[in-house]
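Notes for the structure review
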Amino acid sequence: MKQEGLKKALPYLLPSFIILTIFTFYPLLNAFIQSFNRLPTPDQYDFSLKTYQWLFKDTTFMNAIQNTLWYSLITVPVSIGISLMIAALLTSIERLRVFFQTVYFLPYVTSAVAVAFTWGYLFNADYGLINLILGHLFGLAKIPWIKDPQYAMSAVMIFGVWRSLAFNVLILTTGMLSIDPQYYKAARVDGANNATSFFKITMPLLAPVVSYVFTIGLINAFKVFTEVYALIGSYARVYKANTMVFYIFDQLWVYKDYSLASAAAVVLLVIILVLTLFSRWLARKTDYNAS
Amino acid sequence: MSIKKITGKTISYLILGFFALITLFPFYWMAITALQDSNSAITWPPQLWPKTLHWENFSRLLEAAPFGRYFYNSVVVVILDLAVSMVVMSFAAFGFSHYQFRGKETIFMLFLATMMVPSEALIITNFRTVAKLGWFDTYHVLFLPYVAGVFYIYLLRQAFEGVPKQLYLAAKVDGCTDFQYFAKILVPIARPMMITIAILKIIASWNSFMWPLLVTNTSKMRVISYGLVAFQSEAGNDFPLMMAASIFTVAPMIVLYLIARKKIIDGIARGGIKG
């Protein structure tokens with residue numbers, strides 16, 4: 001009976017199983033194997049830990065890790081902070097709420113590349129609107145946002161926050177709207193003001209949702225690539241705007257060093273795995289319903 | 001309403017309006033720059049509204065680069081992706097939801113675990129795999145590695161499991177095979193979820209960038225996001241043409257979004273709340 005079930009299910013499961021085996025399970029395993037290869041291509045194999053030594057001695061990779069860390073540690077909290085405020089305001093109003101929600105979510109569905117080019121124009125040192133506004137308001141000299149190692153990463157971060165608001169606002173607003181209004185009514189009877197309600201009711205009940213957007217945000221931030229490629233260009237490493245995925249891309253595309261690329265990918269994989277497990281733990285800890 | 005309440009409401013709307021402006025402004029800027037003439041786009045100060053609208057920028061763009069072709073390629077890839085992935089994913093969801101066998105939940109967990117793996121870690125090997133298969137510059141290479149979206153399989157499995165078993169028994173009595181039950185009863189019932197997933201898949205497919213960049217060599221096979229990047233290195237500082245090209249890229253998704261806004265938002269929010 002049991003084995004018959006498998007026989008019947010097999011034709012349905014096989015297509016996805018084959019695809020996942022070829023394009024997910026096998027490359028995952030292969031990345032580990034390849035990362036221990038001293039030689040750059042899989043055509044010859046010599047097991048060694050040298051690749052990881054080289055990786056962590058490579059100043060470009062260390063710069064990439066540093067940039068990725070800064071990018072994650074700044075954009076994620078900033079974006080969630082702004083999103084929490086927007087979500088709180090959205091739940092407090094009724095008129096135009098759908099309109100605002102529609103507007104805020106727009107960047108999520110539009111191509112990062114195309115929008116990054118518009119931001120590139122806005123950031124343009126000579127003709128960009130951002131420098132015009134900064135010059136008008138604060139009398140600042142023209143800032144070379146894109147083509148200067150000092151500013152390139154900041155430009156990427158500003159763009160990154162702008163783009164990530166869409167998802168965070170949606171999830172946090174949905175989370176807030178699903179909180180039972182009874183709690184707020186009861187609090188008002190007890191004389192709580194809006195701020196007290198927000199910190200004593202909304203935040204604790206919203207904690208699992210916040211930890212969720214925090215995790216997704218961090219994971220996406222650690223994988224940042226398209227934003228950099230489209231805004232800064234394919235020579236991001238020259239402008240010290242390299243990121244971990246960009247490093248993988250460069251090793252693969254420019255230097256054809258599959259082993260270093262794999263080692264960098266394994267490092268990224270481990271970071272994301274740790275973040276995911278941490279978030280699972282955090283979600284369980286913060287979930288009021290579960291405890 | 002008290003004065004205090006009205007002031008509070010006004011401030012709320014002002015802040016929300018401010019952020020709506022920041023969200024929309026780049027799109028506005030994209031649109032009006034696309035209609036500027038090339039010289040006034042590089043004058044200081046920038047113009048917030050062009051004096052004359054240069055619609056001919058779009059025809060200039062099509063002369064400068066084969067964006068018609070890029071657009072067509074993207075449409076073809078999206079359609080093929082959709083056709084193949086919806087079959088693969090709904091099959092998998094049916095296999096997991098309808099049949100009982102030993103190790104089923106273990107295999108399903110193995111599927112779900114791949115969600116933690118960043119696809120960026122997989123492209124190194126996938127790049128070599130498709131090179132060996134001789135798949136560069138084909139349509140299928142652009143989507144085939146991504147047709148088994150495990151998160152969508154998970155959502156579909158849930159939708160299928162929500163359908164009462166009595167329907168299956170009744171279908172059996174009427175002489176339906178399992179496949180007929182799947183195709184004629186289950187899929188139509190789960191249509192709302194199927195549509196949501198299809199729309200999310202369209203958006204992801206249309207906007208995909210890194211993989212097409214790696215596996216396309218000839219300009220003839222470029223999808224629109226890659227075509228856009230390639231055009232940037234060719235067009236350099238011709239911002240109006242760049243922005244016109246960007247509009248080609250974002251417009252279809254904006255239209256889709258305005259039509260299917262509720263489906264898209266619900267789909268994303270569901271993923272968010274369920275984890």
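First things first, this report covers the structure right here in the doc. Here, residues in each chain are numbered from 1, in the same order as that chain's written sequence. Ligands are numbered from 1 and chains lettered from A, in the order in which they are written. With pLDDT at 70 or above as the cut-off, local features in this predicted model cover only qualifying residues; side-chain atom pairs require 80 or more to be listed or tallied, and sums for whole chains, interfaces and linings still use all residues.

What about the packing of helix α5 (residues 112-123) of chain A against helix α1 (residues 3-34) of chain B?
Only the stretch in contact is used when a helix axis is fitted, and all axes are lines through C-alpha atoms; the angle between N-to-C directions ranges over 0 to 180 degrees. Only DSSP runs of H or I covering at least 4 residues are called helices, and only runs of E covering at least 2 are called strands; the numbering of each starts at the N terminus. Contact geometry for α5(A) and α1(B): axes closest at 9 Å, N-to-C directions at 80 degrees. Accordingly, the angle class assigned to the pair α5(A) and α1(B) is roughly perpendicular. On the side of α5(A), the interface is formed by A:V115, A:T118, A:W119, A:Y121 and A:L122, while α1(B) contributes B:P26, B:W29, B:M30 and B:T33. Each residue receives one of three labels: charged for Asp, Glu, Lys and Arg, nonpolar for Ala, Val, Leu, Ile, Met, Phe, Trp, Tyr, Cys and Pro, and polar for the others, Gly being one of them. Of the residues contributing to the contact of α5(A) with α1(B), the split by class is seven nonpolar, two polar and no charged. Just so you know how the angles are binned, under 35 degrees is roughly parallel, over 145 roughly antiparallel, 65 to 115 roughly perpendicular, and the rest oblique. By the criterion used throughout, residues are in contact when their C-beta atoms, derived from the backbone, lie within 7 Å.

Focus: the interface of chain A and chain B
Facing the 71 residues of chain A at the interface are 71 residues of chain B. Among the elements that make up the side of chain A that touches chain B, the one with the highest residue count is helix α1 (residues 2-35) of chain A (20 residues). Here the residues of the side of chain A that touches chain B sort into 52 nonpolar, 15 polar and four charged.

Quick notes on the environment of B:G68
Residues and elements named next belong to chain B. Locating G68 in the fold gives a position in helix α3 (residues 67-98). Buried residues are those with 20 or more other C-beta atoms within 10 Å of their own C-beta, exposed residues have 12 or fewer, and partly exposed residues lie in between; C-beta atoms are placed from the backbone. Owing to 11 C-beta atoms within 10 Å, G68 belongs among the exposed residues under this scheme. The spatial distance from the C-alpha of G68 to the C-alpha of I123 is 28 Å, given a sequence separation of 55 residues.

Thoughts on the environment of A:D126
Here A:D126 is to be found in the loop between α5 and α6 (129-138). The exposure class of A:D126 is exposed, given the 11 C-beta atoms found within 10 Å. For the pair A:D126 and A:F36, spaced 90 residues apart in sequence, the C-alpha separation works out to 47 Å. In contact with A:D126, not counting residues within four places along its chain, are A:K142 and B:W44.

A closer look at helix α7 (residues 152-177) of chain A
Residue and element names in this part refer to chain A. In this model α7 runs 38 Å from its N-terminal to its C-terminal C-alpha over 26 residues, within 8% of the 38 Å that 1.5 Å per residue would give. Taken as a whole, α7 carries its principal kink of about 35 degrees at L165. α7 sits mainly inside the fold: 22 of its 26 residues count as buried. Here a helix's expected span is defined as the number of its residues, less one, multiplied by 1.5 Å. Two axes define the bend at a residue: one fitted to the seven residues ending there, one fitted to the seven starting there, and the bend is the angle between them.

A word on unusual backbone geometry
A negative phi holds for most residues other than glycine; trans holds for most peptide bonds. Residue and element names in this part refer to chain A. The residue L96 is not glycine, and still its phi comes out positive at about 70 degrees. Secondary-structure assignment places L96 in the loop between α3 (59-92) and α4 (97-109). In the Ramachandran plot, K256 falls in the positive-phi region, its phi being about 55 degrees despite a non-glycine side chain. Its location among the elements puts K256 in the loop between α11 (244-253) and α12 (258-286). K256 gets classed as exposed once you count the C-beta atoms within 10 Å, which come to 11.

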